[in-house]
Number of protein chains: 2
Amino acid sequence: MSRESHAPTSVQTITRTLEVDIVLGRLYPRERLVEEQLANRFETSRHVVRQALLELEIAGLVVREANKGATVCEYSAEEVNQLYQMRGIVEWQAAMLIPLPIDPAYHARLETICDEHAAAISASDMIRVVAANKEFHQVAYRLCGNHFLADVIDEMAKKSNLVRFTSSTDLVRLKQARDEHYQILAALKQNDNVALAEISVKHLQPSRLMYLEKRGHLA
Amino acid sequence: MSRESHAPTSVQTITRTLEVDIVLGRLYPRERLVEEQLANRFETSRHVVRQALLELEIAGLVVREANKGATVCEYSAEEVNQLYQMRGIVEWQAAMLIPLPIDPAYHARLETICDEHAAAISASDMIRVVAANKEFHQVAYRLCGNHFLADVIDEMAKKSNLVRFTSSTDLVRLKQARDEHYQILAALKQNDNVALAEISVKHLQPSRLMYLEKRGHLA
DNA sequence: TCCCCGAATACTGTTGACAATATTGTTGGC
DNA sequence: GCCAACAATATTGTCAACAGTATTCGGGGA
């Protein structure tokens, strides 16, 4: 979010770790986040935990109530639909804006990340899967050349972590995502913005549908 | 940004006030924001000021460097173009998404705000102008029914305050904006999404162009 | 005169303790 | 046995003092 990532202070570490906890489903929606407990866990003072929680609140991952503390945010089915609609909008636009052809160095870079993602899936190493997935999309969407747009895409992706992993640990879904990444890469190589945009938007659907299905909110 | 606005604590007050200072041009880009000075000004402790500055950093209005403090953010010409491109994207989409016709109660509501905006311009009361302008756009864009989208529009509007008011205090521009608001209202009443989107995007251009002109960066 | 280096200054970053508030548990009246 | 008022606990919010770091200023040497 900030323009230049200043040296990774302890605050950053905590926010990152908590985000990972949320992604991996180690933290559930509505779960309380007590400052002192977190301070013990991260072996730091409550102050830095407080800051981390504030950042997470602004990022939309936790909700804080005055004098009551922070809890992991929970989205309603309606909000999930809105979130994915928003992601569809910004990711489509970003894909269309990427000036093609791109520097071939990015082909190699993205291919490496795709391979790492695939390897992590084979190894069932969820942490690596999540990291590689995140990096792939970040690198790809930065190509649109508009950092405000890329930042918002990132922001929305973070929010959707709240709904995603509760329903997407299964192997079938992961392999599908892996294949779609290679398709995105192919569209980039073929200099086809429209195909790129279509795959990107299509790539979003499964998580949303699985979530809504689980909650019985499919229209 | 947060889902529900919790009781306006002192931190909120400070961030709001500083935002207004930026909008009205009382704070310039690159101007330093010293914690202790602000603490004196707001008659509070450095601690709450710190939190406020953190929020403003995350909102992209100030930049903080470790051990060096916070300064009002400055955007390059390139970034200004990116910012307005982003605003164009999200405001266009929001306008297209508004389900028309809307409840006529909103017609009255928006008209009231338009009139207040016009009155404030006539009175040359910049604080009221800014407030009415902000409210008009907030109310209008909430109509799109997607609060993630509306939030991002808000966020981007805040950022553009950094470039806007340095160049748009002049009466001609203000009156043009006023007229465009009434045009937006008319498009809403006529249930014309496309016209609405076109006017909304057009409404963005003058500030950007004036800024770039001043800096001699017109392509 | 210019440049390097150390002291003084100004500011941010961190800590621990204390105050305010919400929640939970307990007692007494009916 | 049930409810209201009160006490105890848990948790967040605020504060003032201290530590750490960057910048500025002034002196000594070439």
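The residue numbers shown here count from 1 along each chain, following its written sequence. To read the labels, note that chains go from A and ligands from 1, taken in the order they are written. Only residues with pLDDT of 70 or above have their local features reported here, since the model is predicted, and side-chain atom pairs are shown and tallied only from 80 upward, although totals for entire chains, interfaces and linings are computed over all residues. Hydrogens and waters are ignored; side-chain quantities use all the structure's heavy atoms.

**A look at the domain arrangement of chain A**
By a widely used convention, the size of an interface equals the accessible area lost when the partners come together.
All names here are of chain A.
Here comes step 1: Just so you know, the domain bounds were taken from an automatic or database domain assignment. Split into domains, chain A comes out as domain 1 (10-72) and domain 2 (77-215).
Here comes step 2: Each of domain 1 and domain 2 has a C-alpha centre, and these two points are 26 Å apart.
Here comes step 3: On the domain 2 side, the residues contacting the eight residues of domain 1 number ten residues.
Here comes step 4: Note on definitions: buried area is the accessible-area loss of two parts on being combined, 1.4 Å probe, summed for both. For the domain 1 and domain 2 pair, buried surface summed over both sides reaches about 930 Å², with 72% attributable to carbon and sulfur atoms.
Here comes step 5: Contact with domain 2 buries surface across domain 1, with Val 23, Leu 24 and Leu 61 losing the most and accounting together for 50% of the total.
Here comes step 6: Any carboxyl oxygen of Asp or Glu that lies within 4 Å of a side-chain nitrogen of Lys or Arg is treated as forming a salt bridge with it. The tally of links between domain 1 and domain 2 comes to one salt bridge.
Here comes step 7: Two residues, Glu 19 and Lys 158, come together in a salt bridge whose shortest N-O distance is 3.5 Å.
Here comes step 8: Whenever two N or O atoms come within 3.5 Å, that pair is a polar contact, provided that in protein one can donate a hydrogen and the other can accept it, and provided that, for residues adjacent in sequence, both atoms are side-chain atoms. If you look at where domain 1 meets domain 2, you find zero residue pairs in polar contact (both at pLDDT 80 or more). In this analysis, two residues are considered to be in contact whenever any of their non-hydrogen atoms come within 4.5 Å of each other.

**Let's talk about the relation of the copies chain B and chain A**
Here comes step 1: Expressed as a screw operation, the relation of chain B to chain A combines 0.0 Å of axial shift with a rotation of 180 degrees, fitting to an RMSD of 0.2 Å. Look at the turn and shift together and you get a two-fold axis relating the two.
Here comes step 2: Comparing contact sets, 100% of the residues at the interface of chain B also lie at the interface in chain A, consistent with an isologous, same-surface contact. Least-squares superposition of the copies uses the C-alpha atoms of those residues scoring a pLDDT of at least 70 in each of them.

**A word on the sheet that holds strand β3 (residues 69-72) of chain A**
Pairing between the strands of a sheet comes from backbone hydrogen bonds, and it takes one of two forms, parallel or antiparallel.
All names here are of chain A.
Here comes step 1: Should DSSP find at least two bridges between two strands, the strands are regarded as paired. Only DSSP runs of H or I reaching four residues or more are called helices, and only runs of E reaching two or more are called strands; each is numbered from the N terminus. Ordered by their spatial adjacency, three strands build an open sheet running β1-β3-β2, and the pairing between neighbours is antiparallel. Each of the sheet's edge strands pairs with one partner strand only, and the pair in question is β1 (32-33) and β2 (62-65).
Here comes step 2: Sheet topology note: the β1/β3 ladder contains two bridges and is antiparallel. Its bridge partner lying in β3, Leu 33 is registered against Ala 70.

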